[in-house]
Amino acid sequence: MALLTQTPYKQRTFDLHGLTGISDQTLEVHFGLYGGYVKNTNLLNEQLVELSGQGQTATPTYAELTRRLGFEYNGMVLHEWYFGNLTRGGGGGIATSSALGRAIGESFGDIDTWRKDFAAIGSMRGVGWAVTYLDPATGRLSNHWITLHEDGNIAGFKPVVVMDVWEHAFLLDYKPAERPKYIEAFLANLDVDAAEGRFTGAADRPVG
Ligand SMILES: [Fe+2]
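As the structure is a prediction and not an experimental result, all values here were calculated from the model.

Considering unusual backbone geometry
Part 1 of the argument: Non-glycine residue Leu148 carries a positive phi angle of around 55 degrees.
Part 2 of the argument: On the basis of relative accessibility, which here comes to 33%, the residue Leu148 falls in the partly exposed class.

With respect to the side chain of Glu196
Part 1 of the argument: Relative to the assigned elements, Glu196 resides in helix H6 (residues 192-199).
Part 2 of the argument: For Glu196, which is buried and forms no salt bridge, the nearest opposite charge comes from Arg102, at a distance of 7.9 Å.
Part 3 of the argument: Those residues within four positions of Glu196 in sequence are excluded, and the remaining contacts are Ile94, Ser98, Ala99, Leu100 and Gly101.

Observations concerning helix H4 (residues 111-122)
Within an α-helix, residues lying three or four positions from one another point in the same direction, as the helix has 3.6 residues per turn.
Part 1 of the argument: The end-to-end C-alpha separation of H4 is 16 Å, in line with the 16 Å expected for 12 residues at 1.5 Å each.
Part 2 of the argument: Of the positions making up H4, those classed as buried are Ile111, Trp114, Phe118, Ala119, Ile121 and Gly122. Buried residues along H4 cover an arc of 160 degrees about the axis, so they all sit on one side.
Part 3 of the argument: Considering only its buried residues, H4 is in contact with helix H3 (99-108), strand E1 (128-135), strand E2 (140-147), strand E3 (158-164) and helix H5 (179-188).
Part 4 of the argument: For H4, the capping residue at the N-terminal end is Asp110, with a side-chain oxygen 3.2 Å from the backbone nitrogen of Asp112.

With respect to the coordination of the iron ion
Part 1 of the argument: At 1.9 to 2.1 Å from the iron ion lie its protein donor atoms, namely His30 (NE2), His79 (NE2), Asp164 (OD) and His168 (NE2).
Part 2 of the argument: Classification of the site at the iron ion rests on its four donor atoms, whose angles at the metal span 87 to 137 degrees, yielding the label irregular.
Part 3 of the argument: All donors of the iron ion come from a single chain, and their spacing in sequence reads H-x48-H-x84-D-x3-H. Here His30, found in helix H1 (residues 24-53), pairs with Asp164, found in strand E3; they are 134 residues apart in sequence, far enough to count as distant.

Overview of the sheet that holds E3
Part 1 of the argument: With antiparallel pairing, three strands are arranged side by side in an open sheet as E2-E1-E3. Looking at which strands have only one partner, the edges of the open sheet turn out to be E2 and E3. Going across the sheet, the axis of each strand differs from the next one's by a mean of 20 degrees, ignoring polarity.
Part 2 of the argument: Both E1 and E3 contribute to a ladder of six bridges, which runs antiparallel. Directly across from Leu134, in E3, lies its bridge partner Lys158.
Part 3 of the argument: This element, H3, spans E2 and E3 of the sheet and lies at about 80 degrees to E2.
Part 4 of the argument: Its contacts with the sheet place H6 against E1, E2 and E3, and it is angled at close to 145 degrees to E3.

Definitions and cut-offs
Residues numbered from 1 in each chain as written. Predicted model: local features only at pLDDT ≥ 70, side-chain atom pairs only at ≥ 80, totals over all residues. Heavy atoms only, no water. Buried < 20%, exposed > 50% of the residue type's maximum accessible area, 1.4 Å probe, protein only. Helix = DSSP H or I, 4+ residues; strand = E, 2+ residues; numbered from the N terminus. Lys, Arg positive; Asp, Glu negative; His and termini not counted. Salt bridge = Lys/Arg side-chain N within 4 Å of Asp/Glu carboxyl O. Contact = heavy atoms within 4.5 Å. Expected span 1.5 Å × (residues − 1). Arc of directions from axis to C-beta. Polar contact = N/O pair within 3.5 Å; in protein donor to acceptor, adjacent residues only side chain to side chain. Donors = N, O, S within 2.8 Å, 3.2 Å for Na, K, Ca; no water. Tetrahedral: all angles 85-135°; square planar, octahedral: opposite > 155°, others 65-115°. Pairing = 2+ DSSP bridges. Axes fitted to C-alpha atoms, helices over the stretch in contact; angles between N-to-C directions.

Dropping the structure here:
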């Protein structure tokens, strides 16, 4: 996927200091890691354009770099969604009467059941992401696990709530076995308005 006209992606900034239970130090480290995905996405595209220009598209190198696009692109985009659904003073709770609240009720029975299911998926062993997705074809919401950044994303579904559960997201603040505490902190900082905006389609990408 070599795009000769590819415009480099720019690292976005997020003002998130002062969250509850997710330290500024963790966020600084995390912003740096996110920047690495932006840089590597751009680098991969540059390398692919160069190889393409040299007629090297039928090579194992071209194939392997192309496969890595899924990891780097998703690492970039998922982090933007993650930072974009955090806010100071968030976690006020999804209103049962809101569009998102009603959809959660229809899909899970009630908001508490969604929350427990989301936390359980986020607590799964391994590193990855827990995402509440909207199926645009049915209007139903469902929770999903993504291994690393690229294995488990559902084609065509829209992300509504995105939580990073790689250990770098919480290891400065919690012990490895304390991931549930981090998940509680994430939910305490959830930007409900951002999630509502994604659900209603007001924001696709970038979001936040
Ligand atoms: Fe991360």
